[in-house]
Amino acid sequence: MASILKRSLLSPVQYLFPDRIGNAAVKLFSKKLIQELQETATDKFLELLLRAMDLSFCLSRSYRRNIKNFEGRYVFRTANNVVTAAATFANANMKVHEKEIDKWNVRITFKDAPALQAFLFSKNQDILDSILKNEVEVDGNLNYIHKFGFMARDLLRRLGVD
Amino acid sequence: MPNITFEDISLKEYGLTERVSKLRKIYFKTVPEICIERPRLITRFTLDNHFFNQNSISVLDKAGTYRYTLEHRLPIVQHNCAYDKDMRLFKFQEASLFGGSTTSKFKGVPLYPEFSALVLWPELWSISKRAGNPFHITDSEVEELNYDIFPHWIEKSIHELTRDELSKKKRLDQMKLFERLVFFLVSKPNCISHTIPDFSRAVKLGLREIIIEAETKKSETADASKKEFYSAIAEVLEGIITYSRNIASEAEKLSINEMDPVLKKELLNIAKVNRRVPEFSARSFREALTTIWICWTAVHLENPNVGLSLGRLDQVLYDFYKRDIDNGVINIQDAIELVCCLWLKIGDHVPTIPEAGEQLFGGTGSNQAITIGGIDTSRNDAVNDLTYVMLRATELMKLRDPNLNARYYSGVNTRSYLKRACEVNINTGATPAIHNDKAVISTLIQKGETVEQARDYGVIGCVEPGSNGRSYGHTGAILLNLASILELTLFNGRHRHTGMDLKINKEKETGDPAGFTKFEQFKNAFEKQANWIIKQVTELNNTFGQIHQKFYPTPILSSLFEGPMDKGKDLIQGGAVINSSGAAIIGLADVADSLSAIQKLVFEEMSITFADLIDAIEKNFEGYEELHTRLMNPDKTPKYGNEDPIADANVSWLVEFLDNAFNDKKNYRDGFYRVGYWTMTNHAGFGRLLKAMPNGRKDRENFASGITPVSGVTPCLTKALNSVAKLPNGCLSNGVALNLKYTPEDTDREKMLDNFAASVEGYFDDAGGSGNGGMEIQFNITNRETFVKAVKNPEKYPELLVRVSGYTAYFKDLNPQMQKEIIERTEYLLSTGKMVSYAPFPLSK
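Not measured: the values here are computed from a predicted model. (Residues numbered from 1 in each chain as written. Chains lettered and ligands numbered in written order. Predicted model: local features only at pLDDT ≥ 70, side-chain atom pairs only at ≥ 80, totals over all residues.)

**Side note on the overall build of chain A**
The number of helices and strands found in chain A is 9 helices and 5 strands. Helices and strands appear in chain A in the N-to-C order α-α-α-α-α-α-β-β-β-β-α-α-β-α. When each of the 162 residues of chain A is scored for burial, the buried share is 41%. Across chain A, contacts joining residues at least 24 apart in sequence account for 68% of those joining residues at least 6 apart. (Helix = DSSP H or I, 4+ residues; strand = E, 2+ residues; numbered from the N terminus. Buried ≥ 20, exposed ≤ 12 C-beta atoms within 10 Å, placed from the backbone. Contact = placed C-beta atoms within 7 Å.)

If you want it as structure tokens, here you go:
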């Protein structure tokens, strides 16, 4: 309900203001995410990332274009289930879930938040190391991960932390 | 020697022309640019024709897609801008003698969304800034790929279509093994590739004749699938003809505004040539080269270029060359210039490599092999003047692509030819690779090829032999990490990095080696683990092949191949005359030496228990320094490459076992698997994925390359060569790469050249037929100091060419691990035949 309300209230922004205003607003509300990206990711990292993406889809028309006609169901979880979240994309909207969903296209199981951060934003990271250390395991269609990876990095670019 | 007219076969009086020098300079200045023309056109046509909704794509639909793309792609005659390493745009006028290009860029990165282009998706915004081998891309191109192209292929790439199929078969575990990266790689998600088309018919008959032949065959058959296939052949050939005509029109258009009379004339020449070929038979050397070039761009349109190779060009083109020379149409300098221009065109694109791939396989080219020399199908000397023209062009250009391979048949080819091939190696530092005709031909015959087919072999990709234009061998289908099999044996089905427990014949384990009382027990366990992995990887490769058959037929390659026209069947369906699949084994020497260490120390001498050996490698030899010193000492522990009976027996056992294990498996085209030992850069990549081994190799260190003994443990060149040459050639049918490094000896070049040629002849010697003779050998002839300087100042050595394991690469493009491997390779001083010792080279962080 809160999500629908938020979307109803925020979505008009993207039509009223240019993208840079939307991006600035997302940046303003994503300080914690930016901090986690610049320092060490905590268990809150995934939630912050998904929420920032969700907000950006509401406020930025060009970012929202990423999910036009896109349908995808993602599950993110730690092996010990300390962190579990899901994101679904349909009808040009993103929905964040706080528990696992079924019929996912791709499921990412990660050791901890830094491992997920390294996997998604691997710049200057030893990608092979994370694969070898079994820090991230992907089940399902890898192209959905590639798509998500683009959107996540695109968000960072808009936040000015790429 | 009727085919040799040169008094000086080095042709040293001929240099680079001004045109080629300029083009070469631009070539080295340019960073690759991602080209989205192909994915744009392919996606548009696929959408418009609703192919995305189909459960399979027919060969005719595929042909329609390619014809549309060929007819609508930009017919570029002269590129006029590119980007430098700082991503700054610069202008130039490309005055090549050939029109057309693989992509719409001067040096392009072609994208194949139906294969693996989507792996680049996450890094599209950063790819122009990445540390290793960046690609230029514009913002609008990123947006078009992101919004309009890639989304359509999410469910339709070969990789994901195969995942769906494996899910239906309940064999997703095989995909999981593949995606772990540590056991094997299969290349079918990226391409089929790794073969040699038959250009001779295109050159001699022209594509119009082949279209007529296809139409005739279509009218003569009642078989609907054959009719469809022949229609598809006609369709794609019409597309290629139109593309060439479009180039002609563009050249004519450019000539109108060209003020320089020389350039104007050249443009009109391009127009004239491209109006004629490849539609009709070539009448001149230039027309024949243009036919090959235009067909080559079309082949790349269909399939990513991973080891697609051009075959025996000195044979296919010789008659045209000779006629033009005899008639005074061209002179030798003209011929060299034409070949140089073609060489540059062949290198006009680079493969799509994502960031993670750069860490594993950075620096790889497209591995487009060209073969020269050797014998003809009647066992006559096939070396001709054009062979020397091509050697000279290669020597002058020093390019990564094409990858030149010289065949040598001792006793038929002259020693002066061999010496010339060695001389070009000295002058380029790394090329050509030299292949032993006697050994290779014998190997191919043992695999069922006729004598004529075997004698007409060409080199594919890195080093793999395949009968020219008639053998579809997908020689790079499987890359198997042999050391991971040893790992599973040592740890009872567990892989230390991934912790994966594997099930073998429904049982988890092959036994704790600590409980083995005989070396044979360990070998049996190794066999079980290997057989299981080989079963998984061949079945997976076959499933990928079946998906290719269903969704990605290859009408363009089929139209330029011997077999499909007769059988009325696409290449991917088994249309070629010879059908096989290839596996390349990585880690042979390290595994063989590990077996020898286990045999000698644990089971024969009993100087260490298996449990202690396991503990030592678990601890990366920390606390086991004495053991490590012993393991690294070839006088105390058997090492392959020293004519040690234990070591040589173990490496022979391995290659015989692997050949049998793979030969047991059929591929999806009713052919068999062949095994080879070449590693590209995978011995560095896979090396990073494995911890310490019983031969003394430490955590994450490189494996030895190809079929080469481990670096630093083979002090005597002759013994090293003899050990390799002893291996049973019949088990090496997918090719081998023996990498040697010789110290440049500038004080007495002639003597070095003599010793060089003698080392090759000695290695190839089959002792009058009683022995084997080595199959292939390739070199790096650059001193260590230069390499070390190039690591520190790569920008000062942009053209430093090295032989990796199979293909050539620019040293600066290799990742640090691979640079270290090249630097640390065993180096021999030819004048003494002894190893030159250096301290280990530190890996930069």
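Okay, back to it.
**Let's talk about the overall build of chain B**
The secondary structure content of chain B amounts to 32 helices and 20 strands. Taken against the 2.2 N^0.38 rule, which gives 28 Å for 845 residues, the C-alpha radius of gyration of chain B at 26 Å falls within 12% of a compact globule. C-alpha extents for chain B along the principal axes are approximately 85 × 65 × 55 Å. Per-residue burial over chain B gives 60% buried out of 845 residues. (Rg over C-alpha atoms; globule rule 2.2 N^0.38 Å.)

**As for the packing of helix H3 (residues 59–72) of chain B against helix H9 (residues 224–257) of chain B**
All names here are of chain B. Look at H3 against H9: their axes get within 8 Å of each other, and the N-to-C directions meet at 5 degrees. In terms of axis orientation, H3 runs roughly parallel to H9. For the pair formed by H3 and H9, the contact residues are Val59, Leu60, Ala63, Gly64, Tyr66, Arg67, Leu70 and Glu71 on the first element and Glu228, Phe229, Ser231, Ala232, Glu235, Val236, Glu238, Gly239, Ile240, Thr242 and Tyr243 on the second. Counted by class, the contact of H3 with H9 contains 10 nonpolar, 4 polar and 5 charged residues. (Axes fitted to C-alpha atoms, helices over the stretch in contact; angles between N-to-C directions. Parallel < 35°, antiparallel > 145°, perpendicular 65-115°, else oblique. Nonpolar A, V, L, I, M, F, W, Y, C, P; charged D, E, K, R; others polar.)

**Here we look at helix H10 (residues 261–276) of chain B**
All names here are of chain B. Look at H10: 23 Å from first C-alpha to last across 16 residues, which is about the 22 Å you get at 1.5 Å a residue. When H10 is considered as a whole, its buried residues turn out to be Glu266, Leu267, Ile270, Ala271, Val273 and Asn274. For H10, the secondary structure elements touched by its buried residues are H9 and helix H11 (285–302). (Expected span 1.5 Å × (residues − 1).)

**Digging into the interface of chain A and chain B**
The interface of chain A with chain B comprises 21 residues on the first partner and 25 residues on the second. If you list the elements that add at least two residues to the side of chain A that touches chain B, you get helix H8 (127–132) and helix H9 (142–159) of chain A. No other element matches the 10 residues that H9(A) contributes to the side of chain A that touches chain B. Among the residues making up the side of chain A that touches chain B, the classes are represented as 8 nonpolar, 6 polar and 7 charged.

**Points about the sheet that holds strand S16 (residues 776–780) of chain B**
All names here are of chain B. Within the open sheet, the 7 strands sit side by side as S6-S7-S8-S16-S15-S19-S20. Their pairing is mixed. Because the sheet does not close on itself, it has two edges, and the strands there are strand S6 (369–373) and strand S20 (834–836). Taken pair by pair, the neighbouring strands of this sheet meet at an average axis angle of 35 degrees, ignoring direction. Of the strand pairs in this sheet, strand S15 (residues 739–742) and S16 are connected by 3 bridges, and their pairing is parallel. Bridge assignment links Leu740 to a residue of S16, and that residue is Phe779. (Pairing = 2+ DSSP bridges.)

**Considerations on the pairing of strand S12 (residues 478–481) of chain B**
All names here are of chain B. Side chains Ile478 and Leu480 of S12 all project onto a buried face; the interleaved residues Leu479 and Asn481 project onto the opposite face, where all are buried too. Two elements, strand S5 (residues 184–186) and S12, share 3 bridges in a ladder whose sense is antiparallel. Following the sheet pairing, Val186 is matched in S12 by Ile478.

**So, the environment of Ile42(B)**
All names here are of chain B. With respect to the helices and strands, Ile42 occurs in helix H2 (residues 37–48). The class for Ile42 is buried, based on 23 C-beta atoms found within 10 Å. Sequence-wise, Ile42 and Asn403 are 361 residues apart; in three dimensions their C-alpha atoms are separated by 29 Å. Apart from the residues within four sequence positions on either side, Ile42 is in contact with Thr65 and Thr69.

**Focus: the packing of H10(B) against H11(B)**
All names here are of chain B. Remark: H10 packs on H11, axes separated minimally by 10 Å, with the N-to-C direction vectors making an angle of 65 degrees. In terms of orientation, H10 and H11 fall into the roughly perpendicular class. For the pair H10 and H11, the sense of crossing is right-handed. Contact residues: H10 offers Val273, Asn274 and Arg276, while H11 offers Arg286, Glu287 and Thr290. Within the contact of H10 with H11, the residues separate by chemical class into 1 nonpolar, 2 polar and 3 charged. (Left-handed = near helix turned anticlockwise from the far one by under 90°.)

**Observations concerning the domain arrangement of chain B**
All names here are of chain B. By domain assignment, chain B separates into domain 1 (19–154) and domain 2 (479–836). Using C-alpha coordinates to define each centre, domain 1 is positioned 35 Å away from domain 2. Domain 1 puts 10 residues into the contact, and the matching count from domain 2 is 11 residues. Sort the elements by how many residues they give to the side of domain 1 that touches domain 2 and H3 lands first, with 4 residues. Class assignment for the residues of the side of domain 1 that touches domain 2 results in 5 nonpolar, 3 polar and 2 charged. (Domains from an automatic or database assignment.)

**Regarding the sheet that holds strand S3 (residues 93–97) of chain A**
Residues and elements named next belong to chain A. Strands sit in the order S3-S2-S1-S4-S5 across an open sheet of 5 strands; the sheet is mixed. In this open sheet, the two strands that pair with only one neighbour each are S3 and strand S5 (136–140). Each neighbouring strand pair of the sheet contributes to a mean axis angle of 15 degrees, computed without reference to strand direction. Pairing analysis gives 5 bridges linking strand S1 (residues 72–78) to strand S4 (residues 106–110), with the strands arranged parallel. Residue pairing for S4: Val75 is matched across the bridge by Arg107. Helix H5 (residues 45–59) rests against S1, strand S2 (84–90) and S3 of the sheet, and its axis sits at about 155 degrees to S3. Its contacts with the sheet put H9 on S1, S4 and S5, and the angle it makes with S1 is roughly 85 degrees.

**What to know about the environment of Asp385(B)**
All names here are of chain B. Turning to its location among the elements, Asp385 is positioned in helix H16 (residues 385–397). For Asp385, a count of 20 C-beta atoms within 10 Å gives the class buried. Remark: the alpha-carbon pair of Asp385 and Tyr321, spanning 64 residues in sequence, is separated by 8.8 Å. In contact with Asp385, other than residues within four places in its own chain, are Asn3, Ile4, Thr5 and Phe6.

**Comments concerning unusual backbone geometry**
Residue and element names in this part refer to chain B. The omega angle of the peptide bond from Val277 to Pro278 is 5 degrees, so this bond is cis rather than trans. Among the secondary structure elements, Pro278 is positioned in the loop between H10 and H11. Of note, the amide linkage connecting Thr431 to Pro432 takes the cis form, showing an omega dihedral of 5 degrees.

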